[in-house]
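# Overview (structure and organization)
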Amino acid sequence: MTLESEINKLQTENPLGTEPIGKLLRRFAIPSCVSMIVNALYNIVDQIFIGRGVGYLGNGATSVILPLTVLAIGLSLLFGDGCAAFYSMRLGEGKKDEAAASVGNAVLCSVVIGIVLGIICSVFLSPICWLTGSTEAIHPYAMDYGRVIAMGLPLVVFEAGMSSIIRADGSPKYSMAGLLAGCVINIVMDYIFVFPLDMGVRGAAIATVMGQAVNAVIFVFYFKRFRQVKMTKHIFRIRLSYVKRICQLGISSFIIQMSVVVIMIVTNKLLVFHGASSKYGADIPLTAMGVTMKINNILIAIMNGIAAGALPIIGFNYGARNLDRVKKTIKMSVGVAMLCGVVATFFFQMFPEQIISIFGSESDLYVEFSVLCLRLFLMFCILDGMNNVIPTCFQAVGRPGYSALSSCLRQLILNIPPAVIVPIFVGVTGVLWNGPIACAAAFVINLFLIRKIFRDLEREMG
């Protein structure tokens, strides 16, 4: 059998190349969305229990430590999403050995980087907390919470990366089950540690790490269950050419997360600075933004889940040179993500106080600023359906440069200037305007980029 006929056989047998796009997207995106939501719930559940059991200063501590978790997720997606895109394209080309080798390289890199990150954050935790926006009142809570979270960062890097790889292998339900099991452990232990045992923020952090450990163990067992390739010990050998390509394809996901870290730090600092001279004080704006970001993370998780579900479909059909299925998958995934944004916008604008109350009730000033933060910062979240899905689509068709450009524009170049400039004229509430301004500008730019990519693909595939 010739190589060309072998590839055609693999493309015909694989449902990614033959099943209806809508059916495939439901099959991959729904478990991916659940997985992403469960992943986001680790921090949200902590915030709910801490808000009710400790108070808003405890919630402020989770906002200070959150950039560390986002950094860990960014590193995991650098290797996990990069490997998932590489893996899908190689399967589409019929190169199973290269697909398997990419998994071994991605996992090894994730483990090493995770351990290094955990050590660095543990040693330099106090200055890191001040850097990420801690106040005098919040700092002791942030240290108690962060000491434990830092120990679990290697688990975050491994399990978040493996989740992407498992989905690309065609087992999104397994990925979902692993994350769900960890989340259930987290919720149960959160309640036990925060309320009956009265362990405060430290107890919530321990519960989080326990859930991550369960999740990681479940994912380790998947190495014997890979569907598309055979895992052997020989794949766990670093090959720089594979690492380079994986990082190229995953750089957009990494930049997105790193940009979020930068935005969190800048926003926290600005809220504390401008809040100190307002009626709200420094602690209320910092905590309110943290709650808003956690709520927004649910929507972003859904949109990222749709993108993650679309990635193996797009990647496989790009490798198989089936342009019609590539374009249809991209259009459908963006449309569904924007529809989710419509629903979210309705609830954020109509029921902000009810949503905020889930995380505990504090003073009237706290509720006032929290409602304003939710409504204003997330005003144009409908447009994030395009902004969050498109970078992943660029990864899937081997355009990491466009993916990185889109991510940088959305998270940094278009976000920081309004956050710095607007508060000079209107005070602390001006910090909130960076959300809708950056969102609208990024949407216009991504619309231009995706049209250009479609034209490039048409020329490439003839």
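Here is what the cut-offs are and how they apply
- Residues numbered from 1 in each chain as written.
- Predicted model: local features only at pLDDT ≥ 70, side-chain atom pairs only at ≥ 80, totals over all residues.
- Heavy atoms only, no water.
- Helix = DSSP H or I, 4+ residues; strand = E, 2+ residues; numbered from the N terminus.
- Rg over C-alpha atoms; globule rule 2.2 N^0.38 Å.
- Buried < 20%, exposed > 50% of the residue type's maximum accessible area, 1.4 Å probe, protein only.
- Contact = heavy atoms within 4.5 Å.
- Areas by Shrake-Rupley, 256 points an atom, 1.4 Å probe, with all protein chains shown as cover.
- Lys, Arg positive; Asp, Glu negative; His and termini not counted.
- Charge placed at Lys NZ, Arg CZ, Asp CG, Glu CD.
- Phe/Tyr/Trp six-rings, centres within 6.5 Å; stacked < 30°, edge-to-face > 60°.
- Lys NZ or Arg CZ within 6 Å of the ring centre and 35° of its normal.
- pLDDT = per-residue confidence, 0-100.
- Core = buried A, V, L, I, M, F, W, Y, C linked by side-chain atoms within 4.5 Å.
- Axes fitted to C-alpha atoms, helices over the stretch in contact; angles between N-to-C directions.
- Parallel < 35°, antiparallel > 145°, perpendicular 65-115°, else oblique.
- Nonpolar A, V, L, I, M, F, W, Y, C, P; charged D, E, K, R; others polar.

Let us now look at the overall build of the chain. Summing up its helical and strand segments, the chain has 17 helices and 0 strands in all. In terms of overall dimensions, the chain is globule-like: its C-alpha atoms have a radius of gyration of 22 Å, near the 23 Å expected for 462 residues. Looking at the chain as a whole, 60% of its 462 residues are labelled buried. Pairs at least 24 residues apart make up 84% of the contacts formed inside the chain by residues separated by at least 6 positions. Element-wise, carbon and sulfur atoms account for 68% of the exposed surface of the chain, whose accessible area totals about 17800 Å². Averaging the coordinates of the 36 positive side-chain charges in the chain and doing the same for the 25 negative ones gives two points 8 Å apart.

With that settled, the discussion passes to the packing of aromatic side chains. Two aromatic rings, taken as a pair, are described by how far apart their centres are and by the angle between their planes. For the coordinates displayed, the defined rule picks out 12 aromatic pairs. Ring centres 5.4 Å apart and planes at 80° place the aromatic pair Phe-346 and Phe-347 in the edge-to-face group. On the basis of relative accessibility, which here comes to 41%, the residue Phe-347 falls in the partly exposed class. Both rings, one in Phe-346 and one in Phe-351, keep their centres 6.0 Å apart while their planes meet at 75°; by these two values the pair is edge-to-face. On the basis of relative accessibility, which here comes to 45%, the residue Phe-346 falls in the partly exposed class. An aromatic cluster is present here, built from Tyr-87, Tyr-174, Tyr-222, Phe-223, Phe-226 and Phe-236 joined pairwise through their rings. One cation-aromatic arrangement involves Arg-90 over Phe-86; the distance from NZ or CZ to the ring centre is 4.4 Å. For the cation-ring pair, Lys-327 lies above Phe-454, with the distance from its terminal atom to the ring centre recorded as 5.4 Å.

To continue, consider unusual backbone geometry. Positive phi, normally seen in glycine, also occurs at Asp-198, with a value near 50°. Tracing the sequence through the fold places Asp-198 in the loop between helix H7 (172-194) and helix H8 (200-220). If you check the backbone angles, Arg-321 has positive phi at about 60° while not being a glycine.

Turning our eyes to something else, we now look at the confidence of the model for the chain. Looking at the chain, pLDDT values average 84 and 95% of them are 70 or higher. Counted against residues more than four places away or in other chains, residues 1-7, with its pLDDT under 50, gives 5 contacts.

Further remarks concern the environment of Ser-32. Position of Ser-32 relative to the elements: it lies in helix H2 (residues 21-53). On the basis of relative accessibility, which here comes to 1%, the residue Ser-32 falls in the buried class. As a C-alpha pair, Ser-32 and Ala-308 span 276 residues in sequence and 6.4 Å in three-dimensional space. Beyond its immediate sequence surroundings of up to four residues, Ser-32 is in contact with Arg-167, Pro-172, Gly-305, Ala-308 and Gly-309.

Counting residues in hydrophobic clusters, the biggest one holds 145 residues, and the most contacted among them are Val-103, Phe-226, Ile-330, Phe-348 and Phe-369. Counting residues per element, this core draws most heavily on helix H10 (residues 283-319), which supplies 19 residues. Ignoring any residue separated from it by four or fewer positions in sequence, one finds Val-103 in contact with Cys-83, Tyr-87, Ile-165, Phe-223, Phe-226 and Met-231.

For the pair helix H4 (residues 96-123) and helix H9 (residues 240-275), the least separation of the axes is 9 Å and the interaxial angle reads 80°. The orientation of H4 with respect to H9, classified from their angle, is roughly perpendicular. Seen from H4, the contacting residues are Glu-98, Ala-101, Ser-102, Asn-105, Ala-106 and Cys-109; seen from H9, they are Tyr-242, Val-243 and Ile-246. When the residues that make up the contact of H4 with H9 are grouped by side-chain class, the tally is 6 nonpolar, 2 polar and 1 charged.

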